[in-house]
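Coordinate inspection notes
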Amino acid sequence: MEAKLSVNRQNTISKIDKRLYGSFIEHLGRAVYDGIYEPEHKNADADGFRKDVKEVVAELNVPLIRYPGGNFVSGYKWEDGIGPKETRPKKLDLAWRSLETNQVGIHEFAKWAKEVNAEVNMAVNLGTRGIQEAVECLEYCNFEGGTYWSELRKKNGEEKPFNIKTWSLGNEMDGPWQIGHKTADEYGRLAAETAKAMKLVDDSIELVVCGSSTSTMPTFGDWERIVLEHTYDYVDYLSLHCYYGNKEDDLGNYLAQSLDMDRFIKTVVSICDYVKVKKGSKKQINLSFDEWNIWYHSNDQDKEQAPWQVAPPLLEDIYNFEDALMLGCLLITLLKNVDRVKIACLAQLVNVIAPIMTEKNGDTWKQTIFYPFMQVSNYGRGTVLTSHITSESYKTKDFDEVPYIETIAIHNEEKEELVIFAVNRSEDTSIAFTFEEDGFEMESISEATELAGYDKKDTNESNHELVTLSIKTDVVLENDIISTTMKPLSWNVIRIKAK
Ligand code: AHR
């Protein structure tokens, strides 16, 4: 089988907003407690955060981390997480039926995020709370001084404002499971008034309003339209959430689900633009895909967890090789839509549906999905080139035409580099792949790697990272054409020095 990718320097989709490679840490399971924060661990720093975990997080180069939820935020009182740790209350977390000790709050998390070189995307509670608490939280975080909340921040040890720029107006408010679930009109009104007040406190912030929890929600479409009709003038981004899984053990169909992500994005873009026209607005609403990943392996085991534990092992999906390929397809899909998707958060980062796992008192290790995310986050910077792809296709239960090859090319102007990301979805056939460009001068291959040759169900575990990258040795640059073979079921990254 053959496939060809062609690009032209003049033909681009958009520059990549670095926040496309964001992630997410929720007060859920072992993400915070016994994840990033474990004061008794031998590698803990003076604040109780694990240095070994910080090092692995830094490898992923995530520029933005959404916090503190997720479903958790809809019952959260941010004030419980400030002040002396010994006086912070222990509370019920109703979202995950766990116990929240509040030993980590805004101060601790903001400091940790800075240390891993990330900004915070702070979510406010629009489930059980409202405008006043959101505005106070923003004043506490971003106001210079001289007011009750900004002085309290100083008293609690932070002289300078945290200066948090990206804020989320609640979480999945369309979902009946959400604490304080609302209709689109109820949420739209509250989000608009909260957004308006927040921008009066600090007009430099950017606001994300909740879209649907998934594209299969019965209210999908109407929810976006109604919420935007209320909030259009006050918000900057509309959120999308989606999780995939090979629930029917049908690999061809599973790997095709990135086409569903593409369709979801394009549909939401149309709704944003419909409301724009309806309002006669000049403003464009962009998208924040602030929860995306694979989530299905842990569903059954989670039902067995007893309630009201501190840091129970929830949502601890162990990812296999096919999940890494799927993650690669999803990343390429996000890149194809960077003209409108400006923010995206891989949900989540540590222990909870995560690329990074930790053991209590033990090691940290990388899941299979760590590798495609790490590569795209580090090398997928710059401008996405419009791809012209020729590839044979296959048909699945849910999709009529699925290209065997999923691929994209990026131009990193700063590094003078062209980068190709590609997945071969075929289970049994290699693809003779060629890459042609117009307008560049390709000099040499700087690096070529693959994730290939594993059993589709192979997983990594602590002290045994079976699925890792290997060097691709067959990439050739000749007569201005790159050629290589992409193995069946493979994730491929080729970096080319190019002027
Ligand atoms: O990421 C896990 C959960 O998935 C989040 O808390 C929620 O927003 C979504 O349903």
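Residues numbered from 1 in each chain as written. Predicted model: local features only at pLDDT ≥ 70, side-chain atom pairs only at ≥ 80, totals over all residues. Heavy atoms only, no water.

1. Here's the deal with the domain arrangement of the chain
Test applied: The source of the domain bounds is an automatic or database domain assignment. Residues are treated as being in contact if the distance between any of their heavy atoms lies within 4.5 Å. Accessible-area loss on putting two parts together, using a 1.4 Å probe and summing over both, is the definition of buried area adopted here. Here, a salt bridge means any side-chain nitrogen of Lys or Arg that lies within 4 Å of a carboxyl oxygen of Asp or Glu. Pairing of N or O atoms within 3.5 Å defines a polar contact, subject to two protein rules: one partner must be a possible hydrogen donor and the other a possible acceptor, and residues neighboring in sequence count only if both atoms are side-chain atoms.
By the assigned domains, the chain splits into domain 1 (2–9 + 385–498) and domain 2 (17–379). Computed over C-alpha atoms only, the centres of domain 1 and domain 2 are separated by 30 Å. Each partner contributes residues to the interface: domain 1 has 41 residues there, and domain 2 has 38 residues. For the domain 1 and domain 2 pair, buried surface summed over both sides reaches about 3400 Å², with 64% attributable to carbon and sulfur atoms. When the buried surface of domain 1 facing domain 2 is broken down by residue, Phe-399, Glu-406 and Trp-491 rank first, second and third, together holding 18% of it. There are 4 salt bridges connecting domain 1 and domain 2. Glu-248 serves as the salt-bridge partner of Lys-397, at 3.3 Å between the closest nitrogen and oxygen. Linking domain 1 with domain 2 are 18 residue pairs in polar contact (both at pLDDT 80 or more).

2. Notes on the packing of helix α6 (residues 222–231) against helix α8 (residues 258–279)
When two helices pack together, their arrangement is given by the angle between their axes and by how far apart the axes lie. Applicable threshold: The axes used here are C-alpha line fits, helices contributing only the stretch in contact, and every angle between their N-to-C directions lies in the interval 0 to 180 degrees. Think of it this way: any DSSP run of H or I at least four residues long counts as a helix, any run of E at least two long counts as a strand, and we number them from the N terminus. We call two directions roughly parallel when the angle between them is under 35 degrees, roughly antiparallel when it is over 145, roughly perpendicular when it lies between 65 and 115, and oblique otherwise. Each crossing is labelled by how the near helix is turned from the far one, with a counterclockwise turn of less than a right angle marking it left-handed and a clockwise turn marking it right-handed.
Two numbers describe how α6 lies on α8: the axes approach to 9 Å, and their chain directions differ by 40°. In this view, α6 runs oblique relative to α8, as classed from their interaxial angle. The crossing of α6 and α8 is right-handed. Together, Glu-224, Arg-225, Leu-228 and Glu-229 of α6 and Val-268, Ile-271, Cys-272, Tyr-274, Val-275, Lys-278 and Lys-279 of α8 make up the contact between the two elements.

3. Points about the nonpolar core
For the record, the criterion: What is meant by a nonpolar core is a set of buried Ala, Val, Leu, Ile, Met, Phe, Trp, Tyr and Cys residues, joined one to another through side-chain atoms within 4.5 Å. Throughout this description, buried means an accessible area under 20% of the type-specific maximum (1.4 Å probe, protein chains only), exposed means over 50%, and partly exposed covers the range between.
One finds Trp-167, Phe-289, Trp-292, Leu-335, Phe-421 and Phe-435 to be the most contacted residues of the largest nonpolar core, which totals 161 residues. Counting residues per element, this core draws most heavily on helix α10 (residues 321–336), which supplies 11 residues. Lining this core are residues from two domains, each supplying at least three of them: domain 1 (2–9 + 385–498) and domain 2 (17–379).

4. Describing α10
Inclusion rule: To estimate how far a helix should reach, multiply one less than its number of residues by 1.5 Å.
Along its 16 residues, α10 runs 23 Å from first to last C-alpha, staying within 8% of the 22 Å computed at 1.5 Å per residue. Counting buried residues along α10, 15 of its 16 residues qualify, which places the element largely inside the surrounding structure.

5. Some points on the packing of aromatic side chains
Going by this rule: To pair, rings of Phe, Tyr and Trp, with the six-membered ring standing in for Trp, must have centres within 6.5 Å; the planes then decide the type, stacked if under 30 degrees apart, edge-to-face if over 60, and tilted in the middle. Over a ring means this: the NZ of a Lys or the CZ of an Arg is within 6 Å of the ring centre and within 35 degrees of the ring normal.
For the structure shown, the criterion picks out 19 aromatic pairs. Ring geometry for Phe-220 against Phe-264: centres 5.3 Å apart, planes inclined by 75°, an arrangement best described as edge-to-face. Taken together, the positions of Phe-220 in the loop between β9 (206–209) and α6 and Phe-264 in helix α8 put the pair 44 residues apart, joining distant regions of the chain. Three or more aromatic residues joined by ring pairs form one cluster here, namely Tyr-33, Tyr-37, Phe-49, Tyr-67, Phe-109 and Trp-112. Sitting over the ring of Phe-24, Arg-66 keeps its end group 4.6 Å from the ring centre. Positioned above the aromatic ring of Tyr-379, the side-chain terminus of Arg-495 is 4.0 Å from the ring centre.

6. With respect to the site of the ligand
Quick note on the threshold: Neighbouring residues are identified by heavy atoms, a residue being near a molecule or strand if any of them is within 4 Å of it. Note on areas: these come from Shrake-Rupley sampling with a 1.4 Å probe, and a residue is covered only by the protein chains present in the view.
Inspection of the region around the ligand gives 13 residues, with Glu-26, Asn-71, Glu-172, Tyr-243 and Glu-291 positioned closest. Glu-26 is positioned with one of its side-chain polar atoms (N or O) 2.6 Å from an oxygen atom of the ligand. Here Glu-291 contributes a side-chain N or O atom positioned 2.7 Å from an oxygen atom of the ligand. Starting from 280 Å² of accessible surface for the ligand in isolation, the protein chains cover 96%.

7. Here's the deal with the pattern of salt bridges
The final tally for this structure, using the stated rule, is 44 salt bridges. The partner of Lys-4 in a salt bridge is Glu-436, and the shortest N-O contact between them spans 3.9 Å. Placement of Lys-4 in strand β1 (residues 2–8) and of Glu-436 in strand β21 (residues 431–438) is noted, with a sequence separation of 432 residues between them. You can call Lys-4 partly exposed: its relative accessible area is 33%. The partly exposed category is assigned to Glu-436, whose relative accessible area is 28%. Lys-457 is the salt-bridge partner of Glu-322, the closest N and O atoms lying 2.8 Å from each other.

8. Quick word on the pairing of strand β25 (residues 481–486)
Where we set the bar: What makes two strands pair is DSSP finding at least two bridges between them.
Burial along β25 is one-sided: the face carrying Ile-482, Thr-484 and Met-486 is buried and the face carrying Ile-481, Ser-483 and Thr-485 is not. As paired elements, β21 and β25 share 6 bridges and run antiparallel to each other. Counterpart to Ala-432 in the pairing with β25 is Thr-485. Of the strand pairs in this sheet, strand β24 (residues 476–478) and β25 are connected by 3 bridges, and their pairing is antiparallel. For Leu-477, the partnering residue across the bridge sits in β25 and is Ile-482.

9. Some points on the layout of surface pockets
Selection rule: A 1.4 Å probe that fits into a set of points on a 1 Å grid over the protein atoms alone but cannot get out defines a cavity; an open set with protein on both sides within 12 Å along at least five of seven lines defines a pocket, and lining residues are those with an atom within 4 Å of a point. Grid points are joined across faces, edges and corners, and a volume is the space filled by probe spheres set on the points. Side-chain classes follow a simple rule in which Ala, Val, Leu, Ile, Met, Phe, Trp, Tyr, Cys and Pro form the nonpolar group, Asp, Glu, Lys and Arg form the charged group, and the remainder, Gly included, forms the polar group.
Roughly 790 Å³ of internal volume is contained in the largest pocket. Taken together, 36 residues form the lining of the largest pocket, with Thr-214, Tyr-243, Tyr-244, Lys-247 and Trp-295 sitting closest to its centre. If one sorts the elements of the lining of the largest pocket by residue count, strand β10 (residues 237–244) sits on top with 3 residues. Looking at the lining of the largest pocket, its residues break down into 13 nonpolar, 13 polar and 10 charged. In this structure, the lining of the largest pocket is formed jointly by two domains, domain 1 (2–9 + 385–498) and domain 2 (17–379), each of which donates at least three residues. Approximately 320 Å³ is the volume found for the second largest pocket. Lining the second largest pocket are 14 residues, with Ala-110, Lys-111, Lys-114, Pro-161 and Phe-162 positioned closest to its centre. Of the residues contributing to the lining of the second largest pocket, the split by class is 7 nonpolar, 2 polar and 5 charged.

10. Let's talk about the environment of Asp-17
Here Asp-17 shows up in the loop between β2 (12–15) and β3 (22–24). The spacing of Asp-17 and Arg-340 is 323 residues in sequence and 10.0 Å in space, taken between C-alpha atoms.

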